[in-house]
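# Fold and contact review
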Amino acid sequence: MANLQFKTNYVVDSKIEPFYKGGKVQISNDEKYIFCTCESRVNVLEISTGKIVHSVQHDDEEDITSFALSCDDEMLVTASRALLLKQWDWRQAQCTRSWRAIHTVPVASMTFDSTSTLVATGGCDGTIKLWDVVKQYCTHNLKGSSGVVHLVQFHPDISKLQLFSSSLDCAIRLWDLRSSHCVCVLKSHYSAVTSLSFSPDGDTMVSSGRDKICTVWDLKDRQAKRTVPVYEAVEGVVLLPENEDLSQIGVKSKDLHFMTAGSKGVMRVWEASTARCVYTQTLSEDAQDEEKDDDTRRLTYLLLLPASSRLATVTAEHNIVLYQLPGLTTQQQFVGYNDEVLDVKFLGKGDSHIVVATNSSQLKVFELLTNSCQILYGHTDTVLSLDVFKKGFLFASCAKDRSVRVWQMDSDSGQVHCVAQGSNHTNAVGSITCSRMKTSFIVSGSQDCTLKVWDLPADLSTTGADIHQLTPRTTEKAHDKDVNSVALSPNDKLLATGSQDRTAKLWSLAGEGAVGMLGVFRGHRRGVWAVCFSPVDQVLASSSADGVTKLWSLQDFSCLKTFEGHDASVLKVVFVSRGTQLLTSGSDGLVKLWTIKTNECVKTLDAHQDKVWGLHASRKDDKMVTGSADSNITVWVDVTEVELAEEQAKQEDQILKQQELSNLLHEKKYLKALGLAISLDQPRIVLTVIKAIRQVENSHELLEKTVLKLRVDQKESLLRYCAVWNTNARNCQDAQAVLQVLLTHLPPEELLQYQGARTHLEGLIPYTERHMQRIGKLLQASMFLNYMWQKMRVAGAPSSMGQDEDMDTTALAQPCFMIEKEKGMESGDEEKLDDSDDGQGDDPNGPVKEKEEAEEEEEDDDEVSASKKASTNERLVENGGSTKTNGNHHSGSEESSDEEDQEEDQTTVKVMKCLPISSVLQSQTSAS
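Described in the following lines is the structure provided in the data block. Model, not experiment: these values are computed from the prediction.

Rules of the game
- One numbering rule holds for all chains: residues counted from 1, following each sequence as written.
- Where totals are concerned, whole chains, interfaces and linings use all residues; where local detail is concerned, this predicted model gives features only for residues with pLDDT of at least 70, and gives and counts side-chain atom pairs only at 80 or more.
- Only hydrogens and water are set aside; all other atoms, that is, all heavy atoms of the structure, feed into the side-chain values.
- Between the rings of Phe, Tyr and Trp (Trp by its six-membered ring), a pair exists once the centres lie within 6.5 Å; its type follows the angle of the planes, with under 30 degrees stacked, over 60 edge-to-face, and the other angles tilted.
- For the purposes of this entry, the term helix denotes a DSSP run of H or I that reaches at least four residues, the term strand denotes a run of E that reaches at least two, and both are numbered from the N terminus.
- For every residue, the accessible area obtained with a 1.4 Å probe (protein chains only) is divided by the maximum for its type, and the residue is called buried under 20%, exposed over 50%, and partly exposed between those limits.
- Either the NZ atom of lysine or the CZ atom of arginine qualifies as a charge over a ring when it sits within 6 Å of the ring centre and within 35 degrees of the ring normal.
- Asp and Glu are treated as the negative residues and Lys and Arg as the positive ones, with His and the ends of the chain left uncounted.
- Salt bridges, as used here, are contacts in which a Lys or Arg side-chain nitrogen is within 4 Å of a carboxyl oxygen on Asp or Glu.
- Polar contacts, as counted here, are pairs of nitrogen or oxygen atoms within 3.5 Å of one another; within protein the pair requires one atom able to donate a hydrogen and one able to accept it, and residues that are adjacent in sequence qualify only if both atoms are side-chain atoms.
- Residues are treated as being in contact if the distance between any of their heavy atoms lies within 4.5 Å.
- Take the buried Ala, Val, Leu, Ile, Met, Phe, Trp, Tyr and Cys residues and link them wherever side-chain atoms come within 4.5 Å; each set so joined is a nonpolar core.
- Note: two strands are recorded as paired if DSSP finds a minimum of 2 bridges between them.
- Angles run from 0 to 180 degrees between N-to-C directions of axes, and those axes are lines fitted to C-alpha atoms, restricted for helices to the stretch in contact.
- Comment on the angle field: the value is read as roughly parallel under 35 degrees, roughly antiparallel over 145, roughly perpendicular from 65 to 115, and oblique elsewhere.
- Note: crossing handedness is left-handed where the near helix turns anticlockwise from the far helix by less than a right angle, and right-handed where it turns clockwise.
- Note that Gly is not counted as nonpolar here; it falls among the polar residues with everything else outside the nonpolar set of Ala, Val, Leu, Ile, Met, Phe, Trp, Tyr, Cys and Pro and the charged set of Asp, Glu, Lys and Arg.
- Each helix should span, by expectation, one fewer than its residue count multiplied by 1.5 Å.
- Working note: the arc is built from the helix axis to C-beta atom directions.

What follows covers the packing of aromatic side chains. Remark: the centre distance and the inter-plane angle together describe each pair of aromatic rings, the angle taken between the planes. Summed over the entire model, instances satisfying the criterion amount to ten aromatic pairs. Judged by centre distance (5.5 Å) and plane angle (80°), the ring pair of Trp 529 and Trp 613 falls under edge-to-face. Within this pair, whereas Trp 529 is found in strand 47 (residues 528-533), its partner Trp 613 is found in strand 55 (residues 612-617), the two being separated by 84 residues in sequence. We classify Trp 529 as partly exposed; its relative accessible area is 26%. An aromatic cluster is built from Tyr 33, Phe 35 and Trp 90, whose rings are joined through pairwise contacts. A cation over a ring is seen here: Arg 97 above Trp 99, with NZ or CZ 3.9 Å from the ring centre. Just above the ring of Phe 441 sits the side chain of Arg 473; from NZ or CZ to the centre is 5.4 Å.

The following block contains the structure:
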């Protein structure tokens, strides 16, 4: 005890969060990532680790209705309910451009062609649009489909320029993109067509539908070769590779074979020439019991991963399963959505796994390293509670189906199977606990107000496929209301129960087959949710719906301490730090760490957004896991005071470095400032230094001198930052200034040796081209304004001016004059000003001032969505006098609009807004 270290803090080590709640699923071409929708986000799951590595979300937080990943894995395009299409650099989670979809209702389907140049969108309005994502314009508007276009897919041979689609009429339309006409309607299905799969030569296609048939099509003749009845609603079909040995799944000939997945929850292989099923996937015995309920086992997607010879399926319960060919063995399984987490426990060697009870009849066992999951079938109703035996390879569960089950994990493979079960309760079993000393018995408490002790067979750990049937050793009427919690003492001689009747009770298990009550703990004002024995002292902890946790003496049943701090029910209590501290979790979403001796809460963790039902500490007492009704599971690690001091030192070092950077800039020591900023590895701070250098006199020479004196690794970082800055129109000039120095003075051989230089330079090209186009358009607009000004001068010239006199074409110092409204002037007063102004109110600095104000507004508002900018433009146009425009830089609504284009619109609006001044100038010249 002398070396005991109190816990002071926990930090998040990992999280298992919902990442898929239905909708489209796509796997990247390199087969490393899974893309899936989760309400307003598209999440990117790394297959090797099971972690969410990227996530993109629309600014308006509207639900994403469809998305598509390009075949080169570079571009991601999403569509939201706000009828906005966005193109993403998904690795950086940055939107590179956005534009309005021409669809009048949300986009239902989307796909890229094999060249990653064209993307097709199928709308709920029955139209299909094709977009050139390189040149950024709409190329086709295909009309003729009936109802929602829920499926669009390009022919794999892009030279054919063909697009297939399906809509509400269940027909498959073939579109010729050269003529923009539907050249053929393939009719075979009588229900929704769910997927299409093409042969490698592109001459054969297989379609699947919910009408329980698959159709094999000859695309040369555009006729159905064979209709295969599959006797289930099919959601996915894939053609199997021809050059692999797939005899294990029934492929015995070289004929065309395809695999289906649908409402029965199993994959089946069909021979196309004979319409015969040659293989049906077998489920485990426990899962076969669940097959009657088609909705829970139903498969919604079937995807082929040809490079790694794998298949992926998506279930109706939002699980993504990867199978390895040719044996179709389960390789990985990811759970997209857990629903409410009711209990969670560590499991396996070194607490490598966790077992989770959710609002479901299935149990889920997660491997923490990869987030891969096993789903355990057996219970027929919601699993309510879990407990693990001392060694961590055996655990017990209880459920609303009035049963208890014992499960065993194989120490080598990690596979879990049920080894014993018992059903003798007359109501839902809400709590269970395992013996502490040996694997000899379990105790359960039920809503039937009883507790039962179940003996386990001695050879349980070596049990084969047979499941032992358990019978209770003893049954005891324990409480007057539901038994919410049961707990065993470390020596297995005492048993504690907590009940909805506001009491906790202590029982003796010393006698042979007998349970005797020793005493009652009274003091809680509401139901007792949890009880727990101290690992070292003769005390018992209990938590209650009255918001307090109490510590009781086992000698006289008196209350020793009361811990108050939760604002609502305390759902779980656990001893840590050798019994000297407590962890509690409540329905307020908080987890609190208490030191028993001082009766003090030393740390409050804002862990979850809803009730924390699950709370468990690891056997080594260095980690804990929490599970909540918000569907999140969080693994926490203990942070010692030394680690906290190190983290605090790092934060203080960052603050000192930033203060030093500020001092260096003030002293104009730009080289040291730039080097320090690069060492912090924060592009925004480096950009601040670059901007400071460019604001001084002789900035070009100073920037050149400073950048060239940097080390090679610092120049490498600077090139990487330039690629980031160049994506934003506000920072592109700073990026281009640095690039000019690097490209002018450094040889190409040196630049190409920088890490990722090719990628950075390739990323600079398209944005630079867009910046040049934007500047070119602004230059054209300014020339047009200069021309109009000269025309107005000629039109208003005095009669003494000869007609043959040359027009002055010198550039104007001020490109236009802007009439500024007086304070308090209403928008309708501008016309009065046009008629009555005598010319004294003209402010030659008006445009400059307005431009500066606009720039200040842009600096204050770093991120403005495209929709907000569009609304701002409309408001400016409406206030612009008699001349009104709606952004004539865009034809119709088909051209894309990004941030730079929105800035163009604002400039155009300002130009159009100042045109009514011509009437004032004409009145002045005529008066003279």
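Once you've had a look at it, read on.
This part is about the side chain of Asp 546. For Asp 546, the position within the fold is in the loop between strand 48 (539-544) and strand 49 (548-553). One buried charge, Asp 546, has no salt-bridge partner; the nearest side chain with opposite charge is Arg 525, at 4.7 Å. Within the structure, the side chain of Asp 546 is placed 3.0 Å from the backbone nitrogen of Arg 525, a separation counted as a polar contact. A polar atom in the side chain of Asp 546 sits 3.1 Å from the backbone nitrogen of Val 548. Excluding anything up to four places from it in sequence, Asp 546 contacts His 524, Arg 525 and Arg 526.

This part takes up the nonpolar core. The tendency in soluble globular proteins is for nonpolar side chains to be buried side by side. If you look at the biggest cluster of nonpolar residues, it comprises 35 residues, and the most contacted ones within it are Val 686, Leu 703, Leu 718, Trp 725 and Val 738. Only helix 3 (641-666), helix 4 (670-680), helix 5 (683-694), helix 6 (699-708), helix 7 (712-725), helix 8 (732-745) and helix 10 (757-795) provide two or more residues apiece to this core. The greatest single-element share of this core, amounting to seven residues, is contributed by helix 4. Among the nonpolar cores identified, the runner-up in size contains 18 residues, and Val 278, Tyr 279, Leu 302 and Val 321 belong to it.

With that settled, the discussion passes to the sheet that holds strand 30 (residues 341-347). Overall, antiparallel pairing links the four strands, which are arranged 30-31-32-33 in an open sheet. Lying at the two open borders of the sheet, with one neighbouring strand each, are strand 30 and strand 33 (373-376). Each adjacent strand pair in this sheet contributes to an overall mean axis angle of 20°, direction not counted. Of the pairings in the sheet, the one linking strand 31 (residues 353-358) to strand 32 (residues 363-367) comprises five bridges and is antiparallel in character.

We now examine unusual backbone geometry. If a residue is not glycine, its phi is most likely negative; likewise, a peptide bond is most likely trans. Omega for the bond connecting Leu 325 with Pro 326 falls within 30 degrees of zero, at 5°, which places this linkage in the cis form. You can see Pro 326 is positioned in the loop between strand 28 (319-324) and strand 29 (329-335). The backbone phi angle of Cys 170 is positive, close to 70°, even though this residue is not glycine. Structurally, Cys 170 is set in the loop between strand 15 (162-166) and strand 16 (172-176). Judged by relative accessible area, which is 14%, Cys 170 ranks as buried. Of note, the phi angle at Leu 328 is positive, near 60°, even though the residue is not glycine. In this fold, Leu 328 is placed in the loop between strand 28 and strand 29.

The next subject is the pairing of strand 18 (residues 193-198). With six of its six residues buried, strand 18 lies for the most part within the structure. Sheet topology places strand 18 next to strand 19 (residues 204-209); five bridges connect them, and they run antiparallel. Following the sheet pairing, Phe 198 is matched in strand 19 by Met 205. Hairpin connection from strand 18 to strand 19: five residues lie between these consecutive antiparallel strands, with Gly 202 at a positive phi of about 75°.

What follows covers the sheet that holds strand 53 (residues 590-595). Across the sheet, four strands lie side by side as 51-52-53-54; this open sheet has antiparallel pairing. Sheet topology places strand 51 (570-576) and strand 54 (600-606) at the edges, where each strand pairs with a single neighbour. If you compare each strand with its neighbour and ignore which way they point, the axes differ by 20° on average. Inspection of the sheet shows strand 53 paired to strand 54 by six bridges, in the antiparallel sense. Considered in strand 54, the bridge of Val 591 is made with Leu 605.

Turning our attention to the pattern of salt bridges. The tally for this structure, following the rule as stated, stands at 20 salt bridges. The salt bridge involving Lys 611 is made with Asp 610; its shortest N-O contact spans 3.9 Å. On the basis of relative accessibility, which here comes to 33%, the residue Lys 611 falls in the partly exposed class. Taken together, the salt bridges that share partners define one network made up of Asp 343, Lys 345 and Lys 572.

Next up on the list: the packing of helix 4 against helix 5. In helix packing, the relevant descriptors are the interaxial angle and the interaxial distance, both defined with respect to the helix axes. Direction vectors running N to C along helix 4 and helix 5 enclose 160°, while the axes themselves pass 8 Å from each other. By the criterion of interaxial angle, the relationship of helix 4 to helix 5 is roughly antiparallel. For the element pair helix 4 and helix 5, the recorded crossing hand is left-handed. Seen from helix 4, the contacting residues are Tyr 670, Ala 673, Leu 674, Ala 677, Ile 678 and Leu 680; seen from helix 5, they are Ile 685, Val 686, Val 689, Ile 690, Ala 692 and Ile 693. Per-class residue counts for the contact of helix 4 with helix 5 are twelve nonpolar, no polar and no charged.

Moving on, we come to the environment of Ile 690. Among the secondary structure elements, Ile 690 is positioned in helix 5. Of the residues examined, Ile 690 reaches a relative accessible area of 0% and is grouped as buried. Separated by 17 residues in the primary sequence, Ile 690 and Ala 673 have C-alpha atoms spaced 9.7 Å apart. Excluding residues that lie within four positions of it along the chain, Ile 690 makes contacts with Leu 674, Leu 703, Trp 725, Asp 734 and Val 738.

Residue position: Gln 374 is located in strand 33. A distance of 2.6 Å separates the side chain of Gln 374 from the backbone oxygen of Gly 414, its partner in a polar contact. Of the polar contacts made by the side chain of Gln 374, one reaches the backbone nitrogen of Val 416; its length is 3.1 Å. When near neighbours in sequence (up to four residues on either side) are disregarded, Gln 374 contacts Gln 333, Leu 363, Lys 364, Val 365, Gly 414, Gln 415 and Val 416.

This brings us to helix 10. Every α-helix carries 3.6 residues per turn, so stepping three or four residues along brings you back to the same face. Taking 1.5 Å as the rise per residue, helix 10 with 39 residues should run 57 Å; its terminal C-alpha atoms sit 56 Å apart, in good agreement. Buried within helix 10 we find Ala 757, His 760, Leu 764, Tyr 767, Arg 770, His 771, Arg 774, Leu 785, Asn 786, Trp 789 and Gln 790.

Let us now look at the pairing of strand 57 (residues 633-638). As a general feature of sheets, a regular strand has side chains that alternate between the two faces. Where strand 1 (residues 10-16) meets strand 57, six bridges bridge the pair, whose relative direction is antiparallel. Directly across from Tyr 10, in strand 57, lies its bridge partner Asp 638. With five bridges joining them, strand 56 (residues 623-628) and strand 57 adopt antiparallel strand pairing. Residue pairing across strands places Lys 623 opposite Val 637, the latter belonging to strand 57. Here strand 56 folds back onto strand 57 in antiparallel fashion, the turn holding four residues, of which Ser 631 has a positive phi close to 75°.

Moving on to the environment of His 103. Inspection of the secondary structure assignment puts His 103 in the loop between strand 9 (94-100) and strand 10 (107-112). Separated by 18 residues in the primary sequence, His 103 and Thr 121 place their C-alpha atoms 9.0 Å from one another. For His 103, the contacting residues outside a window of four places in its chain are Leu 83, Thr 121, Gly 122, Gly 123, Asp 125, Thr 127, Ile 128 and Lys 129. Only 2.9 Å separates the side chain of His 103 from the side chain of Thr 121, close enough to count as a polar contact. A polar side-chain atom of His 103 sits 3.3 Å from a polar atom in the side chain of Asp 125.

What follows is about helix 6. Those residues of helix 6 that fall on the buried side of the exposure criterion are Leu 703, Thr 706 and Val 707. The buried residues of helix 6 all sit within an arc of 95° when viewed along its axis, so they share a single face. Against helix 4, helix 5, helix 7 and helix 8 lie the buried residues of helix 6.

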